[in-house]
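# Remarks on the overall topology
One-letter residues, chain by chain:
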Amino acid sequence: FLLLITYLLSLPKMNRAKSILVSESAFFTAATASVSDQERQKENLKDRRGSLSRRYSSFDLGCTSGDNESIIEVAKNFLATACPELLDILKDHEGDKSARDRLVKIGRSINATLGYGQESIERKNRGESALMDIWSPDEEQEFIGTEVERKLKTDVTLQRLVRECKDLAQILASPTPVKVPTVRYGRTDIQMPIVTLGCMRFQQSWNRGGKPIKKPEQLDKECQDNLVDILRYAIHCGVTHIETALMYGCSEMQIGLALKVLFDEGVCRREDLIIQTKGPISSSTSKSDFKSMITMQLQGLGLDYIDLFSIHGLNTNDHLEWLFNHGEKGDLMDAVRELKAEGKIRWVGFSTHAPAHVTKRAIESDAFDYLNLHYHFLGSYTASGDGDESAEGNLGNIRLAHEHDMGVFVISPYDKGGRLYTPSHLSRELMAPEMEPMEYASLWLWYHDNHCQGDKPAPIHTIVCGAARPSDLDQPVMAALRSVTDKAKGDFGVVSRRINERKERVLGKEWAATWQVGLPNYSQSQKHGFQIGNIVWLYNAIQMYGAVDMAKDRYATFVNNAGKWDSDKTLKENASKIPGFDWMPGCAYDPSYDYSSELKDVPDKNKARVLEAMKFVHEWCCPVNSKSMTLEAAAEEKKEEEDGEKKVVPLEWQAAYDMRPWTAFPERG
């Protein structure tokens, strides 16, 4: 042990101030793994300067720092001691972008763990509490603890990172494919991997402006090679369900080219894969148009058939009418049925951002074999605030889908489910040291039928990972492999109890159970399109998890819609003129509006807090100078900025890390 520490201290001083010192805690953990607890605690108290404070981090790169080289050094130094087998694998592919990506992610995780530990203890030593009293006194004791307790928690968190690194090394080194668990996908009887590869983050372009990418010769080699590598790695991990859409720009064309490469190389056969694509509908689409469009999609993918075809964005009652009662243009569902009879489509489903009642109607049609919808541990995204006291958001639809023996696919668990690739320190603290937020979100969905409230079964079959790079699949795959173990189930129970205890402390048991009762979302707020249920859900998510970045993303769409809303027009007229309203519906809070009529069905005991919640979200999430900000509020924001008193985001709400080492191709403009 002493020889190891001496060796570490004698390492070359290149970037020492930036990289070596930040990892001293990590080295310390790995070096003392076999030392007894008593000896370890004694060593934890030692410091070369004679104080009780061991250095956690000597630099602050932040969660999205561009200084990847220093972060990579942190990861290399950590792995050299803690998991040399992974470091050897990554060194063997030193020129490979994926190797660098993984080092960046490991380094950022270390930095977040050590950095928050240091800051929380220093804050406590100064006699300060977290801004806005985010931690209650009991939570302060539980989550921050004494300096010794904090360091032990940090060590355990880093030991869990070591375990994950060892698991990743085994996956990467395996000469044969690794198989994530599979489950029966409703009445399709497909054995569905519990992780799906989503294909809307790796294509070169969305084709929504500028020069569209329509031909292979327009493709950038780096982008296409990255896409092939993602598919190759997904298949190696048993993630054989590949989900794309016509509306994902050039995704279908690029996948078609990549599949040909993989088939020719013998990586897989067509029958080894479950290919799903989706097609949009509109009021002007005829049955023949729709059939031709789907046929063109097949040609773009280079396939004779697709396993799963989805109506993309079945979001309103009008969409259901176009499918089943489209008059002279012909029912669009008939086009799908004809292609199914011809053997070009095997199973039919739909994806949705709809209010819960629209999704319910689509399920009850019994015309679909599966569905894609939003449903996450912190809410149902666009459908949050829908439902009733027995089934908030899409929970009732999950149960109803099971009654109809439908496959259930959860959309965007890591993005719309809380931006978990860049989680807040608060959410990370709630789930540490047992797991990262991405793993908890995954387990919550896979274990859903065992922990959801109510007597009716509500299984969820697969969740999607929209990978922009091969390493984006690492955490979902490792979580899937671990999900079948007793340890994972035990850890999930520990974290869930911790979250439920916080829910009672922060929200209150009664509010947590009844907050959505009587709240309207846009489809019940015909004149103004207020998305009140969603706004109150965002308040809960911020209070519980510090999910302010996710809330800002969602609220920005409300603000945009409100700026274009005309209260003299009908809901349908407004929705038709606001681009994307069907997908991201609803309008923002208006501080000047009297909400008495909108809240008429809300229990009296909840009304004051509902108004408080809407005001809170508006103040924290509304962009400055938007049309939804009053002149007084905008002036106050401007004065605060000029006086240097602008609202400070609490540390616990800030992002702990960002697991996106570089900008995804379709986001490059």
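Structure shown above.
Right, let's walk through the structure included here. (Residues numbered from 1 in each chain as written. Predicted model: local features only at pLDDT ≥ 70, side-chain atom pairs only at ≥ 80, totals over all residues. Heavy atoms only, no water.)

## Section: helix α11 (residues 251-265)
Residues three or four positions apart in an α-helix share a direction because the helix packs 3.6 residues into each turn. Over its 15 residues, α11 extends 21 Å from the first C-alpha to the last, a length consistent with the 21 Å expected when each residue adds 1.5 Å. Those residues of α11 that sit buried are S251, E252, M253, Q254, I255, G256, A258, L259 and L262. In this fold, the buried residues of α11 make contact with α10 (221-236), β5 (274-279) and α12 (287-301). G266 lies just past α11 and shows a positive phi near 80°. (Helix = DSSP H or I, 4+ residues; strand = E, 2+ residues; numbered from the N terminus. Expected span 1.5 Å × (residues − 1). Buried < 20%, exposed > 50% of the residue type's maximum accessible area, 1.4 Å probe, protein only. Contact = heavy atoms within 4.5 Å.)

## Description of unusual backbone geometry
Looking along the chain, the bond that leaves A432 and enters P433 is cis, with omega of 5°. Along the polypeptide, P433 turns up in the loop between α17 (425-431) and α18 (437-446). Within the chain, S412 stands out as a residue other than glycine whose phi angle is a positive 50°. Mapped onto the fold, S412 is located in the loop between β11 (407-410) and α17.

## What about the nonpolar core?
Counting 163 residues, the largest nonpolar core has L79, L197, F290, F368 and Y555 as the members making the most contacts within it. Tallying contributions element by element places helix α23 (residues 532-545) first for this core, with 10 residues. When neighbours within four sequence positions are excluded, Y555 is seen to be in contact with I535, L538, A588, Y589, V617, H618, C621 and C622. (Core = buried A, V, L, I, M, F, W, Y, C linked by side-chain atoms within 4.5 Å.)

## Section: the environment of D549
Here D549 shows up in helix α24 (residues 548-564). We classify D549 as partly exposed; its relative accessible area is 29%. Along the backbone, D549 and C621 are 72 residues apart, and their C-alpha atoms lie at a distance of 8.4 Å. Dropping the residues within four chain positions of it, D549 is found in contact with R419 and A655.

## Points about the sheet that holds strand β7 (residues 345-351)
Taken in spatial order, the eight strands of this closed barrel run β3-β4-β5-β6-β7-β8-β11-β12, and their pairing is parallel. Within the sheet, the average angular offset between the axes of one strand and its neighbour, ignoring direction, is 30°. In the sheet, strand β3 (residues 195-198) pairs with strand β4 (residues 241-243) via two bridges, with the strands oriented parallel. Across the sheet, the residue bridging to G198 is E243, located in β4. Each of β6 (306-311) and β7 is contacted by helix α14 (residues 332-341), which is oriented at about 150° to β7, the strand it contacts most. (Pairing = 2+ DSSP bridges. Axes fitted to C-alpha atoms, helices over the stretch in contact; angles between N-to-C directions.)

## With respect to the packing of helix α5 (residues 68-82) against helix α9 (residues 147-173)
It is at 11 Å that the axes of α5 and α9 come closest, and there the two elements cross at 80°. Looking at the two axes, α5 sits roughly perpendicular to α9. Contacts between α5 and α9 pair F78, L79 and A82 from the former with L158, L161, V162, C165 and K166 from the latter. Residue composition of the contact of α5 with α9, grouped by class: seven nonpolar, no polar and one charged. (Parallel < 35°, antiparallel > 145°, perpendicular 65-115°, else oblique. Nonpolar A, V, L, I, M, F, W, Y, C, P; charged D, E, K, R; others polar.)

## Considering the pairing of strand β12 (residues 462-466)
Burial of β12 is extensive: four of the five residues sit out of reach of the surface. For β3 and β12, the ladder comprises four bridges, and the chain directions are parallel. Paired with V195 across the strands is I463, a residue of β12. Across two bridges, the pairing between β11 and β12 is parallel. Within the sheet, the bridge partner assigned to F409 lies in β12 and is T462.

## Focus on the packing of aromatic side chains
Following the criterion strictly, the structure yields 25 aromatic pairs and no others. Ring geometry for W206 versus Y248: centroids 6.0 Å apart, planes at 85°, classification edge-to-face. Of this pair, W206 sits in the loop between β3 and α10 while Y248 sits in the loop between β4 and α11, and the two are 42 residues apart along the sequence. Under the relative-accessibility criterion, W206 is labelled buried at 17%. Judged by its relative accessible area of 8%, Y248 is buried. Ring centres of Y522 and F581 lie 5.3 Å apart, and the angle between their planes is 85°; on these two criteria the pair is classed as edge-to-face. Taken together, the residues span a long stretch of sequence, with Y522 in the loop between α22 (509-514) and α23 and F581 in the loop between α25 (571-577) and α26 (604-621) at a distance of 59 residues. Classification of F581 as buried rests on a relative accessible area of 0%. (Phe/Tyr/Trp six-rings, centres within 6.5 Å; stacked < 30°, edge-to-face > 60°.)

## A closer look at the pairing of β11
Of the two faces of β11, the one lined by G407 and F409 and the one lined by V408 and V410 are each fully buried. Bridge count for strand β8 (residues 370-373) against β11 is four bridges, and the pairing is parallel. Within β11, the residue paired with L371 across the bridge is V408.

## Section: the pattern of salt bridges
Tallied over the full model, the rule gives 53 salt bridges. For E164, the salt bridge is made with R160, and the minimal N-O distance between the two is 3.4 Å. Of this pair, E164 and R160 are both found in helix α9, four residues apart, which corresponds to roughly one turn of the helix. With respect to class, E164 is no different from R160; both count as buried. For the salt bridge of D553 with R419, the shortest nitrogen-to-oxygen distance reads 3.1 Å. A residue pair is termed long-range when its members are at least 10 positions apart, and D553 in helix α24 and R419 in the loop between β11 and α17 qualify at 134 residues. Look at D553 and you get partly exposed, because its relative accessible area is 43%. (Salt bridge = Lys/Arg side-chain N within 4 Å of Asp/Glu carboxyl O.)

## Here we look at a nonpolar patch on the surface
Residues L131, M132 and V648 make up a contiguous nonpolar surface patch of roughly 270 Å² in combined accessible area. Its location among the elements puts L131 in the loop between α7 (97-125) and α8 (137-144). (Patch = residues over 30% accessible without salt bridge, like charges linked within 9 Å, V, L, I, M, F, W, Y side chains within 5 Å. Areas by Shrake-Rupley, 256 points an atom, 1.4 Å probe, with all protein chains shown as cover.)

## Remarks on the packing of α8 against helix α21 (residues 486-506)
At their nearest, the axes of α8 and α21 sit 11 Å apart, and the two run at 155° to each other. Classified by the interaxial angle, the pair formed by α8 and α21 is roughly antiparallel. Regarding α8 and α21, the two cross each other, and that crossing is left-handed. The residues of α21 that touch α8, namely those facing E139, E142 and F143, are R498, R502 and R505. (Left-handed = near helix turned anticlockwise from the far one by under 90°.)

## Quick word on the side chain of N397
Within the element layout of this structure, N397 appears in helix α16 (residues 395-403). Beyond its immediate chain neighbours, meaning those up to four positions away, N397 contacts A356, T359, K360, I363 and L373.

## Quick look at the state of the cysteines
Within the structure shown, the criterion is met by zero disulfides. Cysteine C223 shares no disulfide, and the gap to the nearest cysteine sulfur, in C250, comes to 6.6 Å. Residue C223 is classed as buried on the basis of its relative accessible area of 0%. (Disulfide = S-S within 2.5 Å.)

In short, the description is geometric, and any link to function would need to be established separately.
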